[in-house]
Amino acid sequence: MSTRTINGVTLALLRGNIVDVEVDAIVNAANAALAGGGGVDGAIHRAGGPSIMEECRKIGGCPTGSAVATGAGKLKARYVYHAVGPIYRQNPADPRLLAGAYQACLDLAEQHKIKSIAFPSLSTGAYGYPLDLAAPIALKTVIEHIEKPTSLQQVMFVLFGSSAYEAFERALQQL
Ligand code: ADP
């Protein structure tokens with residue numbers, strides 16, 4: 001685990017499974033149809049139970065580069081923020097949609113006035129975004145946000161596997 005304090009807000013990188021962390025909001029790497037899938041999406045729906053998918057069906061979808069909120073079912077959180085990152089091969093050189101997905105979650109956190117949020121590494125699994133490009137975009141978006149007044153006290157990146165953790169560590173040291 002690696003932590004840094006920015007403007008009184010703790011930014012932490014940790015290795016693990018995002019369904020195990022206790023935070024106000026857990027971020028899901030969703031798809032635009034909010035249809036569920038493998039990876040972190042599958043893990044969140046499995047651990048949270050069917051109420052999350054029922055809410056997703058009612059919402060119907062979410063554009064790429066944005067996020068929507070549902071309850072968190074059986075998870076130890078108040079909300080799940082379903083963020084839709086870009087599919088890398090469709091948009092290789094444009095970091096804005098990835099940054100937008102993170103930013104939309106941070107905006108939801110302010111709306112809900114929550115204190116803690118956990119992100120996975122969006123788009124870097126099935127959506128193919130290279131970790132070494134995605135990590136600095138993720139960290140920069142969060143750091144620029146918490147440099148301003150915020151309700152957040154803790155932002156975590158919960159990274160599954162050592163290559164994701166190491167990419168985020170390298171990016172944090174270089175920022
Ligand atoms: P995407 O479709 O946005 O690429 P994926 O779920 O396929 O989403 O992958 C995003 C990242 O989440 C990958 O780095 C993957 O290793 C990671 N991941 C998969 N399962 C979990 C989990 N339970 N907790 C945290 N991260 C996870």
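Everything discussed here concerns the structure shown above.
If you're wondering where the values come from, they're calculated on a predicted model, not measured in any experiment.

## Focus on unusual backbone geometry
Even without being a glycine, Asn7 presents a positive backbone phi close to 55 degrees. Position of Asn7 relative to the elements: it lies in the loop between strand E1 (2-6) and strand E2 (9-15). The phi angle at Lys113 is positive, at roughly 55 degrees, despite the residue not being glycine. Looking at the element boundaries, Lys113 is found in the loop between helix H3 (96-112) and strand E6 (116-119). The exposure class of Lys113 is exposed, given the 10 C-beta atoms found within 10 Å.

## Regarding the pairing of E1
Summarising the sheet, E1 and E2 pair through five bridges and their orientation is antiparallel. Bridge pairing in E2 links Ile6 to Val9. Hairpin connection between E1 and E2: a loop of two residues separates the two successive antiparallel strands, and Asn7 in this loop has a positive phi of roughly 55 degrees.

## With respect to the site of the ligand
As a structural note, the neighbourhood of the ligand is formed by 21 residues, with Ala29, Gly39, Gly125, Tyr127 and Phe160 the closest of them. At four residues, helix H1 (residues 39-48) tops the list of elements feeding residues into the shell around the ligand.

## Let's talk about the nonpolar core
Ile26, Ala83, Cys105 and Ile117 are the most contacted members of the largest nonpolar core, which totals 62 residues. In terms of residue count, H3 provides more of this core than any other element does, nine residues in total. Those residues in contact with Cys105 that sit more than four places away from it in its chain are Val27, Ala67, Tyr81, Ala83, Ile117 and Phe119.

Cut-offs used in this document
Residues numbered from 1 in each chain as written. Predicted model: local features only at pLDDT ≥ 70, side-chain atom pairs only at ≥ 80, totals over all residues. Helix = DSSP H or I, 4+ residues; strand = E, 2+ residues; numbered from the N terminus. Buried ≥ 20, exposed ≤ 12 C-beta atoms within 10 Å, placed from the backbone. Pairing = 2+ DSSP bridges. Near = placed C-beta within 6 Å. Core = buried A, V, L, I, M, F, W, Y, C linked by C-beta atoms within 7 Å. Contact = placed C-beta atoms within 7 Å.

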